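# Secondary and tertiary structure notes
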Amino acid sequence: MTETMVLTGTDADNTVNWDFQVTSGRRSGVWSTIPTPSNWEFHGFGSYNYGHNLVPNERGNYRHAFTPPSSWAGRRIYLVFEAAMTDAEVWVNGTSAGPRHRGGFYEFRYDVTALVRLGQPNLLEATVSKESSDNSVNDAERRGDYWNFGGIFRPVSLRAFPAVHIDRVAVNAQASGAFAVDVMLAGVSAAGRVTGQLRRLDGTAVGGAFSVAIPSSATKATLTTTVPSPQQWSAETPNLYQVEISVTTSSGALLHSTVTRFGFRTIEVRPGDGIYVNGTKIVLKGANRHTFWPTLGRASSPRMARQDIALMKDMNMNAVRMSHYPPDAYFLDLCDELGLYVIDELAGWQKRYDEGVGAPLVAAMVSRDVNHPSVLFWANGNEGGWNTGLDDDYAQYDIQKRKVLHPWSTFSNIDTSHYQTYSSTVSKAAGGTVFMPTEFLHGLYDGGAGAGLNDYWKIMGGGQRAAGGFIWALVDETVVRDDRGGALDTAGNLAPDGIVGPFREKEGSFFTIRDIWSPIQLSSPSYYATTFPASFDKTVKVVNQYNFTNLNQCRFDWQLVRFAAPGAGTGHTATAQGTLIGPAIAPGAVGGLPLDLPANWLDSDALALTATDPSGRVVTSWMWRIKKATDFTRRLVVPIPGSVTATETSTSITMTAGTTKVTIGKSNGRLTGVTRAGATVSLSNGPAPADGTATFTGLSHFRDGTGWVVQATYTGDLTSARWRLDSNGWLQLEYTYRRTGNHDYFGVGFDYPEANVRGLTWLGDGPHRVYKNRLRGVSTDVWTKQYNNTATGASGFQYPEFKGYHARTYWAALSTTEGTITMVAAEENLFLRLFTPAVGVDPKNTTAPYPSKSLSFLDGIPPIGNKFHSVGALGPESQPNVGAGDYHRSIYFRFGT
């Protein structure tokens, strides 16, 4: 019975052109058209601004003609702006629609019943100012650490109500089934009745109707009922209902009705204990999300909102913080539908609204969002940007009386302190207050988010008084600058804070978070190894870390696999497979998954296991290696008949096997040259210690069966290097070195020209690079990637990044302009380092050290820090490697096409 005419498009994917003029910057002073809703910067108008860097008096003037239907006669008509940045003045047919609205992220409306001409053309005019006339609005919204845009970026519509109508409703539906709804009324001039009927989403009635009589001039009615054993709402069980509210005359004539969606659920903060939903203690696993797209700014659509929620759910997140303003209403609709806990936030980044201007914005936010079961908390600004005078305003509009948070501080019995070190996280989790940081592990460039999370989560992931937290942030907020030929602008190091790139490219931390936050975890550290524990009996032990889901609602698929060989493609082939429904393992319990593996399962290369949740979403997967490095060495390095010759000069020894020639320098025992079929292969100058010393002491060479050996000895940390070229063309390097004490890395390295590299195919953990404190999330397989020089979050945005450290490598085939260099590890747990990654401007602590050589074979690699913390502050996995004494490795090389 409420009729709506959308004057703009419905969203950024479906726009309508309005007449437009900007007052300064690009294309200023000229009337043209602009799609609405939108931010005008992305259509060639005005100026791009980050944080406090604003252009004063930049305004956008809008005009749009519309014709409302004649059938709206006798109705109350409102002109509704879902949001406009930042101040808005509105006229209808040349007459002001009402006072200037201040605040760029909030719905506002004008009663234009007396201004519109039904059945005739009308003119809507609006002036939108990027800067507010109220300094506190500018402080709260326009001086933050994020991009500032201008424009009508959410839809505008006319909404026509009957003269007597329901203005809005506020629902309180508890997990017990107790239901109450406040119904705000308008235009009531005679006694009547307000009636409610609960329904499922398919329209099926739940219980009977319930009602209350209302007197004339009533402005509010409260209805109550009870539903026995309702299906409860949670992020794991997003069960939704709807309530139909009707207002009738005393004789029963229908005046107006409306339908509102809701969920039965109860939120509790138990001081000194934790956060409870429906009587169950929960742990929030979330990210901070700005509404953002590189070519649209803050204009969005349900499609893009669904994409972001899917990304978060794919990372096994169950929560999102609306940083730092309320989102589009459809985003919360989707959180309700798909299951995601929400912190809904009033704007304010280290500065606050004055109470006079802030109070109507609180009212707008809470009134709009009150019925979303996904909303657990309100946040009153961020990082000091709260006005305590507004704290009690939230409850005026929230029948549920949700708690209000002060992000960065302790309020409502929840400590939300930001960016704690590992040691302070331990202390806070052991303290007397519920600890739930609303920002932690800052994701600048390649450093935060996943790096260190494994250690942090052992503390934050469910201990007494630890209630989880929110990573900063979901997306690299990078703008496509049409005034710079489409260049990507990250505002230096201010905007690229994301787990995913600007166009939602998945960075390495995405998969680390997915693994660590999986609600199905392995029960023992030994199961996290890439090979089986000695006691493996075909049963995988798991922990159910869901809050409401039994594992008998999940599916598990296993495969025995054989990996592709070098030159034979990528990935693996299944040799056997099976599916099982999970056993009955209750939330919080430990149990076993018995796999019906065939008797010859040990003949396969690896065992893969994938877990799928009740909705069909893959939760996590594991790959355990059955075959070892020695098995692949025997498979690949195959003897063939023949012989190797050697020639010696005053400076070198050259070994020849067929068309392969390898030269070792007599002054240092290092590789000085390789040719194959007369063509040079530029691998050279190794093995050199990645960290440490090597003083050359002597060299010998001799025939060894079908091969030839050059043996070098050293004093210092590297003690020996033994080269052996076999008649099959494989060159074996055996080396020994000694490391004790703390080191960033240790191993050996070679030089190879980066300009010659085209790509890599390898059997190891991938496809993403790793750090000592970000080893989880990669998986064993045969991977491939082309060369790129991506600086994570800053430039390139091609993932996975080519360069960096790669874990547990068995073999690798480096594609170059000189042919393929194939390398095979004869022992377990080899880290392969490929060149030194590019980094963004002013990376803070988000870089790791690399050996001087471009190609390294390592037994230890460094951790990486984040924007606010060096590695020393991030926990046990972020500490230096401790040398264990003597290290011995054997690497095989083959040079081919």
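Residues numbered from 1 in each chain as written. Predicted model: local features only at pLDDT ≥ 70, side-chain atom pairs only at ≥ 80, totals over all residues. Heavy atoms only, no water.

With respect to topology, nine strands assemble into an open sheet ordered S48-S49-S50-S51-S60-S57-S56-S53-S54, the strand pairing being antiparallel. Each end of this open sheet is capped by a strand with a single partner; those strands are strand S48 (694–704) and strand S54 (779–786). Geometrically, the sheet is characterised by an average inter-axis angle of 20° between neighbouring strands, direction not taken into account. Note: strand S53 (residues 757–766) against S54, eight bridges, orientation antiparallel. When the bridges of S54 are listed, leucine 763 appears paired with valine 782. (Pairing = 2+ DSSP bridges. Helix = DSSP H or I, 4+ residues; strand = E, 2+ residues; numbered from the N terminus. Axes fitted to C-alpha atoms, helices over the stretch in contact; angles between N-to-C directions.)

Next up on the list: the packing of aromatic side chains. Summed over the entire model, instances satisfying the criterion amount to 43 aromatic pairs. Seen in terms of ring centroids, phenylalanine 893 and phenylalanine 895 are 6.5 Å apart; in terms of plane orientation they differ by 5°. Their pairing is stacked. Members of the aromatic cluster, connected to one another through ring pairs, are Phe42, Tyr48, Tyr50, Trp147, Phe149 and Phe292. Positioned over the ring face of tryptophan 31 is arginine 63, at 3.7 Å from the centre of the ring. Note that arginine 270 overlies the ring of tyrosine 276, its terminal NZ or CZ placed 3.6 Å from the centroid. (Phe/Tyr/Trp six-rings, centres within 6.5 Å; stacked < 30°, edge-to-face > 60°. Lys NZ or Arg CZ within 6 Å of the ring centre and 35° of its normal.)

Using the criterion set out here, one finds 52 salt bridges in the structure. For aspartate 717, the salt bridge goes to arginine 739, with nearest N and O atoms at 2.5 Å. One end of the pair, aspartate 717, is in the loop between strand S49 (707–716) and strand S50 (718–726); the other, arginine 739, is in strand S51 (residues 731–743), with 22 residues separating them in the sequence. Assessed through its relative accessible area of 8%, arginine 739 is described here as buried. Between aspartate 751 and lysine 853 there is a salt bridge, with the nearest N and O atoms lying 3.2 Å from each other. Of the two residues, aspartate 751 is situated in strand S52 (residues 746–751) and lysine 853 in the loop between strand S58 (831–834) and strand S59 (855–860); the sequence distance between them amounts to 102 residues. With a relative accessible area of 12%, lysine 853 lands in the buried category. Connected through salt bridges with shared partners, the residues Asp704, Arg722, Arg724, Asp726 and Glu734 form a single ionic network. (Salt bridge = Lys/Arg side-chain N within 4 Å of Asp/Glu carboxyl O. Buried < 20%, exposed > 50% of the residue type's maximum accessible area, 1.4 Å probe, protein only.)

Taken together, three strands build an open sheet; the order of strands is S14-S15-S18 and the sheet is antiparallel. Of all the strands in the sheet, the pair left with one neighbour each is strand S14 (165–173) and strand S18 (220–226). Strand-to-strand twist across the sheet, computed as the mean angle between neighbouring axes with direction ignored, equals 20°. Where strand S15 (residues 178–186) meets S18, seven bridges bridge the pair, whose relative direction is antiparallel. Across the sheet, the residue bridging to methionine 184 is lysine 220, located in S18.

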